[in-house]
Every structure is written in C-alpha cells, then in structure tokens.
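Here is what each chain is made of, one letter per residue.
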Amino acid sequence: MQNLFRLLPPVDAALGSLAQDPALAALPRAMLRDAVTDYLDGLRDDIRAGRLTEPAQLDHGLVFAQCARHVAAATRPHFRRVINATGVVVHTNLGRSLLAPEAAAAAAEACLRYSNLEFDLTTGERGSRYSHVVDILRTLTGAEDALVVNNNAAAVMIVLETLAKGREVIVSRGQLVEIGGSFRIPEVMAKSGAVLREVGATNRTHPRDYENAVSPETAALLKVHTSNYRIVGFTKEVSLPELVALGARLELPVIEDLGSGNLTDFAACGLPGEPTVQQAVADGADVVTFSGDKVLGGPQAGIIVGKAKYIAAIRKNPLNRAMRIDKMTLAALESTLRLYRDPERARAVIPTLAMITASPERLAKKARKLAGLLRKALAGRYTVSAIPGASRVGGGAYPEHDLPTTLVALRPLADAPSPDALRQRLLAAEPPLVARTQDDALLLDPRTLADDELKLVALVLAQASRPETA
Ligand SMILES: *Cc1c(COP(=O)(O)O)cnc(C)c1O
C-alpha cells in the first residue's frame, strides 16, 4: 500500500499536465489546485479502501487523463445548456420557453449597454420601466392598461393583495388548483391576506353559488384556469361572461388567472380551443393575469392586463417593488410581444410557438434524419427506428392533450447499456441530454430538438453508449 501511495504524482506535476488543455489552463490557479487536490485525495481513499491495488492503475499517463476529466467536471459552471429530447415544449425544469433570437439579442443588449429603462427620452427625466410594454400589451390584448411583474405567481399575489386584502374572494371549488407543488391557489390567497370563499362542488358550480356567497365582505370574484388537470363527466363551470354579468350587477371586480395565457388561437393547429387573453378581455374581465414564459414563448414574467383603475392601484402597491421585473426580462418581453404584431412571423420565430405548431410531416422528416445519423453513430450497438408517438405542450397548458409526433426509438443490441442506463449516462454527457424511456427503448422526440442540434445529439449518444465509458 505504501508503495502505491508513493506512485501518486505530486500536485504540481498533475497541475502541470493540465496546461495541455487550453480551456483548463485559462482557469484560476487556485480553482485548479483545489480540483487536483480533491482528485488525488480520491485516489488515496481508493488505495486505503482496497479499490485501487495495481501499480499499473497509477500509470501517470492514465492518472493525468483522469485528472483532467475530473478537473473539467469540477470546474465547469453549474448552470448549463442541456439538450431537451423529451418533446415537452414548455418544460419547467428545463427552463420553459426558449427566446426568439431577436428577443435574446434585446436581452443581451440590455445587459451590455445603458438603456432608457427608467428614463424618458422626450423630457430627459425619470420615466417608467413599465412604459416599454404597456402600449404593445394594450394593442395585443385590447385591455385599457397593463403591468408586468416577476412571474404569474407574483401577479396573482399582488392583484389579490391590492384588491382584496382582509376581505373575501369567491372562487369555485373546482378551481382551487395546485400548479407544480409550490403554487396553490388557497395558499397564495392566504399569503395575500385575502380570505378564500369557496363555492360550488368539485365538479359543478352555478352562478347562484357565487350569488349566494356574496356578502359585504366580498371584494372580488376570481376565476382560475385549471391549467394542469381536467374535470370530465358531469361538470359545470360558470363562464367568464356569466361571471362578468354577475360582477357588474353586484359591483364586484372579476379577476381571471389564465395561467398560460395564449395570445395565439391554437385551434387552427388542431389543439382544443383555449381562451385567449384577448377573449378574456373582450368578455369583460376586470383583471387578467398570465405567464410570460409558458405558451406566450417569452421570458419569465407575470403579465397583468385590465381596467385602468385596477391596474393603477396595483402599480402603486409597495409589493410591486419587491416583485419588480428586471431590465433583461423587459427587453426580451417587449421584443417577443412585438413579434406578435405579425402572427405568422410569430409562429415561425418564437421557438415555443414553432415547436407547438410543427407539422407532423416536418417532425417525421426530422426524425428520419436523426435516425440516419444515429444509425451511423451507434452501428451495431442499438437498433434505431422511427415510430409514431406523442409530445406534450407542458407548462400546465393543454394537459392530457397529445401532439402527434414521430419518435426515434433506440433499443440495445448485445451488451449495450440498457435504455435506463443510457438515459443516466446521457445526463452526464457534455452537453447533458434529457430523454425518456419506455418499455425497452430510449425515446428521442425531434419536436424539442433544434435543427442544428441533430449532429450534436448523435455525437453525445455515440460517446454515452460506448462500452469503455462505463
Ligand atoms: C403556471 C400558473 C401559475 C404560475 O405562473 P408562474 O409564471 O409559473 O409563476 C399561476 N396560475 C396558473 C393557473 C398557472 O397555470
């Protein structure tokens, strides 16, 4: 054992060996030294525990190569690009929407240059950060006024805090939803200080249920989009126009949390009809809230549109400062919204819209191309086939609705890693690739793969499936 310890290279020799890799050589010396020391400590542990017993295992060429891999993994940024082969377009864990190139460029410029963020270029005096998106939001949605905050959870919170703190808000029982664990309508409402007044049954709520619950304590009527689930069968929801009529009669504001917030009518693309923001505004909702990074296809933001008097009150709420949207987001949001002025162009260049509306023929063609590349890259280790399958919109939009796609299925031959083992190895690849497995196959969905990613997918899979990377 002592002999094995003596074979370990000194830290400086291992550090010197890293100089051959320019990317590593450019990193701060202290960072490299820590990573090298950590690697050599690991080898010492292996010797002590009897996992490393042969002098040949400590051949310096071998040790330096492993050390370089360890250092590269230990020093790379934690926040990284991944390849999304899941077919879930608005994948919350993978960053939801990708930005259109011009929206990303606008965000980059906002970072690299000074801007008129809160500066009025006509007067030379202080301006409003919201001014950049108010007009375009009014034009696109038909609302009188608009405000943007950090995300839709914040939007719901500030709307309730402003309009209903210490008073009651009436909501249908069927709409007390939980969205992704940490956002639950009853809890958000409790935090806002508004008092939840639930009405109706889980599956059916009638206008009279709202009416019977109204009291001098009532501040508003709230409708929540049941984003990620569906109640089917014997059901009845009170429609927004019905709720608006009731609100008008009782002099109560009607708030709608639309969740995903389509500006696009996807019905033409074969998706079930979902209310658009424009429709909610036209139906008379006083305040409508929705996300910027779900099917809208922009940056993370919470968008609030509605009647001028309510928006003005919400804007003045001191909470607004705590939920303030930042300049990168504003730049990307304005740029994304501007694209909606030409709906056809929006569908072509906003990645979320392009992926949701991609035609089955285009996806089949892309799948065949990917399959061809993979057959070459994985020859003899996996069978590669293009099979019909389904993608999802994600982000709580269109739950349970399948988008037809063509998947590329990989099935192991001989002793190649199993689909689950391969999926695990792909997570450790550079860049990591996220895919799903089903039965005996690893499945890749071309819907969420960019055209210029196909070769990279083949490269990453070739590396991850090699026996020696075990
Ligand atoms: C997604 C969603 C939210 C939360 O929006 P974030 O932008 O993720 O904060 C709130 N309400 C509904 C109905 C949603 O679907």
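As the structure is a computational prediction, the values presented were derived from the model and not from experiment. (Residues numbered from 1 in each chain as written. Predicted model: local features only at pLDDT ≥ 70, side-chain atom pairs only at ≥ 80, totals over all residues. Heavy atoms only, no water.)

> Please give an account of empty space enclosed by the protein that cites residues and values.
Overall, the coordinates contain one cavity of 30 Å³ or more when judged by the stated rule. His-225, Leu-258, Ser-260, Gly-261, Asn-262, Glu-274, Pro-275, Ala-397 and Tyr-398 are the residues that line the largest cavity. When the residues that make up the lining of the largest cavity are grouped by side-chain class, the tally is four nonpolar, four polar and one charged. (1 Å grid on protein atoms, 1.4 Å probe; cavity = no way out; pocket = protein on both sides within 12 Å on 5 of 7 lines; lining within 4 Å. Points joined across faces, edges and corners; volume = space filled by probe spheres on them. Nonpolar A, V, L, I, M, F, W, Y, C, P; charged D, E, K, R; others polar.)

> Before we move on, can you summarise the site of the ligand with the specific residues and values?
For the ligand, the full set of nearby residues is Arg-96, Asn-151, Asn-152, Ala-153, Ile-179, Phe-183, His-225, Ser-227, Asp-257, Gly-259, Ser-291 and Lys-294. In this structure, Arg-96 approaches the ligand through a side-chain N or O atom, which is 2.9 Å from an oxygen atom. For the ligand, an oxygen atom lies 2.8 Å from a polar atom in the side chain of Lys-294. Considering the ligand on its own, with 390 Å² of exposed area, one finds that the protein chains cover 95% of that surface. Of the pockets mapped on this structure, the ligand occupies the second largest pocket. Of all the elements in the fold, those that place two or more residues in the shell around the ligand are helix H8 (152-164) and strand S11 (254-259). In terms of residue class, the shell around the ligand is made up of three nonpolar, six polar and three charged. (Near = heavy atom within 4 Å. Polar contact = N/O pair within 3.5 Å; in protein donor to acceptor, adjacent residues only side chain to side chain. Areas by Shrake-Rupley, 256 points an atom, 1.4 Å probe, with all protein chains shown as cover. Sits in = over half its atoms within 2 Å of the grid points. Helix = DSSP H or I, 4+ residues; strand = E, 2+ residues; numbered from the N terminus.)

> Break down the domain arrangement of the protein chain for me, citing the residues and quoting the values.
Interface size is commonly expressed as the accessible area that is lost once the parts come together. Entries for the protein chain in the domain assignment read domain 1 (2-75), domain 2 (83-92 + 356-469) and domain 3 (101-349). Once you take the C-alpha centre of each, domain 1 and domain 2 turn out to be 35 Å apart. (Domains from an automatic or database assignment.)

> Summarise the sheet that holds strand S12 (residues 287-291); cite the residues concerned and give the values.
On the basis of which strands lie adjacent, the open sheet formed by seven strands has the order S5-S13-S12-S11-S10-S6-S9 and mixed pairing. Across the chains shown, the open sheet's two edge strands, defined by having one partner strand only, are strand S5 (145-149) and strand S9 (195-199). Each strand axis lies, on average, 25° off the axis of its neighbour in the sheet, ignoring direction. Examined bridge by bridge, strand S10 (residues 218-224) and S11 share four bridges and lie parallel to one another. Bridge pairing links Leu-222 to Ile-255 in S11. Here helix H7 (residues 131-141) sits on the sheet in contact with S5 and strand S13 (302-306), set at roughly 120° to S5. (Pairing = 2+ DSSP bridges. Axes fitted to C-alpha atoms, helices over the stretch in contact; angles between N-to-C directions. Contact = heavy atoms within 4.5 Å.)

> Give me the lowdown on the side chain of Thr-226, citing residues and values where you can.
The residue Thr-226 is located in the loop between S10 and helix H11 (240-250) in this model. Relative accessible area serves as the criterion here: at 14%, Thr-226 is assigned to the buried category. Those residues in contact with Thr-226 that lie beyond four places of it in its chain are Gly-174, Gln-175, Val-177 and Glu-237. (Buried < 20%, exposed > 50% of the residue type's maximum accessible area, 1.4 Å probe, protein only.)

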